[in-house]
Amino acid sequence: MRKFVFALPVFAMFCPAVAQAGNFDGFYAGAQLGGAVDTIERNQTAPAFYAGQYKTDSLAAVGVTGTIFAGYGMLFKDTIYLGAEMFGTFGNRDYSYKETDPSAPYKEKNKFGNQWGFNVRPGYLINDKALIYGLLGYERVSMSSSSTSADAASYDKTNNAFQLGVGTEITVNGPLAMRIDYAHTFIPDITVTNSIGISTTYKAQEDSFKIGFSYHF
């Protein structure tokens, strides 16, 4: 996926320019469809009377997402681009964990929900048709868990996160452009403790790939 994102602007360099210079200046809005993979490392520790038992599981939640965005961009010296935008991403990614210990079996479900935030997009105009850019942003990530065990500690919170990515935007026709992004989201750890003192820490991160269209006003 990452190689595909980087290859598109290279392809665009050999395409004839069909847009007016400055097409990426000004206000824009659009929508994208894509997928996200949330990888989770689940670390569990027990109190001393359980002999300090330690358990680690690596899990992943995969799902389809949709994003809407709106922002403003400017060109400097004809090739240097700087944009800023607000965005919202919708769609659930969840995973289930099953504890098979016969003395206390249970099932736990963790879910990643909607996200919203803002990005700064520094970029470079390859030609009148193609723009490559980076994504530097702040994001709010909705996360929750539930369990069939009465002793389990659940959480339902919106976490602050940092997003870093790359993308390309290629003019299709007039003010309409195709946009492709790859982004990695760094999500802070969440630690919960149940009623008998067992502590569980969730170390999560997300990789997302999106493709869609933007309209430049």
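Above this text you will find the structure in question.
First things first, this report covers the structure right here in the doc. The numbering scheme is per chain: residues are counted from 1 as the chain's sequence reads. Totals for whole chains, interfaces and linings use every residue, but because this is a predicted model, local features are given only for residues with pLDDT of at least 70 and side-chain atom pairs only at 80 or more, for both listing and counting. No hydrogens and no water enter the side-chain calculation; it runs on all heavy atoms of the structure.

Overview of the overall build of the protein
The helix and strand tally for the protein stands at 1 helix and 10 strands. Numbering goes from the N terminus for both helices and strands, where a helix is a DSSP run of H or I of at least four residues and a strand is a run of E of at least two. Secondary structure elements of the protein occur, N-terminal to C-terminal, as α-β-β-β-β-β-β-β-β-β-β. With a 1.4 Å probe rolled over the protein chains alone, any residue whose accessible area is under 20% of its type maximum counts as buried; one over 50% counts as exposed, and the rest are partly exposed. Across the 217 residues that make up the protein, the buried fraction comes to 46%. Note on definitions: a residue-residue contact is assigned when non-hydrogen atoms from the two residues lie within 4.5 Å. If you take every contact in the protein between residues at least 6 apart in sequence, the share linking residues at least 24 apart comes to 67%. Accessible surface is estimated by sampling points in the Shrake-Rupley manner with a 1.4 Å probe; for residues, cover comes only from the protein chains shown. Accessible surface computed for the protein: about 10,900 Å², of which carbon and sulfur atoms make up 63%.

Digging into the packing of aromatic side chains
Pairing of aromatic rings covers Phe, Tyr and the six-membered ring of Trp, with a centre-to-centre limit of 6.5 Å; geometry is then stacked below 30 degrees between planes, edge-to-face above 60, and tilted otherwise. Within this structure, the stated rule accounts for 5 aromatic pairs. With centroids separated by 4.7 Å and ring planes inclined at 65°, the aromatic side chains of Phe27 and Tyr72 adopt a geometry described as edge-to-face. Separated by 45 residues along the polypeptide, Phe27 in strand E1 (residues 26-45) and Tyr72 in strand E2 (residues 54-76) bring together distant segments of the chain. By relative accessible area, Tyr72 is classed as partly exposed at 36%. The aromatic ring of Phe69 is capped on one face by Arg179, whose charged end is 4.1 Å from the ring centroid. Only Lys NZ and Arg CZ are tested; either one counts as a charge over a ring when it is within 6 Å of the ring centre and within 35 degrees of the ring normal.

A short note on the pairing of strand E10 (residues 199-216)
For two strands to count as paired, DSSP must find a minimum of two bridges between them. Sheet analysis places E1 next to E10, joined by 18 bridges and oriented antiparallel. Opposite Tyr28, over in E10, you have His216 as the bridge partner. As defined by bridge partners, strand E8 (residues 176-186) adjoins E10 across 11 bridges and the pair is classed as antiparallel. Its bridge partner being in E10, His184 is matched across the sheet by Asp207.

Describing a positive patch on the surface
Among the surface-exposed residues, Lys98, Lys107, Lys109 and Lys111 lie close enough to one another that they form a single positively charged patch. Here the positive patch takes 3 residues from strand E5 (residues 106-125), the largest share from any one element. Position of Lys98 among the secondary structure elements: in strand E4 (residues 93-99). Like-charged residues within 9 Å of one another, or nonpolar side chains (Val, Leu, Ile, Met, Phe, Trp, Tyr) within 5 Å, are grouped into patches, provided each residue has over 30% relative accessible area and no salt bridge. Whenever a carboxyl oxygen of Asp or Glu lies within 4 Å of a side-chain nitrogen of Lys or Arg, that contact is scored as a salt bridge. The positive count covers Lys and Arg only, the negative count covers Asp and Glu only, and His and the chain ends enter neither. In plain terms, the charge of a residue is placed at NZ if it is Lys, CZ if Arg, CG if Asp and CD if Glu.

Focus on the environment of Asp156
Of note, Asp156 is situated in strand E7 (residues 156-173). By relative accessible area, Asp156 is classed as exposed at 67%. Considering only alpha carbons, one finds Asp156 and Ser145, 11 residues apart in sequence, at a separation of 6.5 Å. Setting aside its immediate chain neighbours within four residues, Asp156 contacts Met143 and Ser144.

Comments concerning the environment of Val37
Its location among the elements puts Val37 in strand E1. Of the residues examined, Val37 reaches a relative accessible area of 32% and is grouped as partly exposed. Expressed as a C-alpha distance, the spacing of Val37 and Asp207, which sit 170 residues apart in the sequence, is 5.3 Å. Setting aside residues up to four positions removed in sequence, Val37 forms contacts with Ala61, Val62, Gln205, Glu206 and Asp207.

Comments concerning the pattern of salt bridges
Under the criterion given, the structure shown has 7 salt bridges. In this structure, Asp38 engages Arg93 in a salt bridge whose closest nitrogen and oxygen atoms are separated by 3.1 Å. Of the two residues, Asp38 is situated in strand E1 and Arg93 in strand E4; the sequence distance between them amounts to 55 residues. For the pair shown, Asp38 and Arg93 are each scored as buried. In this structure, Lys203 engages Asp189 in a salt bridge whose closest nitrogen and oxygen atoms are separated by 2.9 Å. Linking Lys203 in strand E10 with Asp189 in the loop between E8 and strand E9 (190-193), this pair joins segments that are 14 residues apart in sequence. Of the residues examined, Lys203 reaches a relative accessible area of 34% and is grouped as partly exposed. Salt bridges sharing partners connect three or more residues here, namely Glu85, Arg121, Glu169, Arg179 and Asp181.

Here's the deal with the nonpolar core
By nonpolar core we mean a set of buried residues, namely Ala, Val, Leu, Ile, Met, Phe, Trp, Tyr and Cys, connected to one another through side-chain atoms within 4.5 Å. Ranked by internal contacts, the top residues of the largest apolar core, which has 13 residues, are Ile40, Phe112, Met143 and Ile187. Of all the secondary-structure elements, those providing two or more residues to this core are strand E6 (130-147), E9 and E10. If we ignore the near neighbours within four places in the chain, the residues touching Ile187 are Asp38, Phe112, Val141, Met143, Asn159, Ala161, Ala204, Gln205 and Glu206. With 11 residues, the next largest nonpolar core counts Leu75, Tyr81, Leu125 and Tyr133 among its residues.

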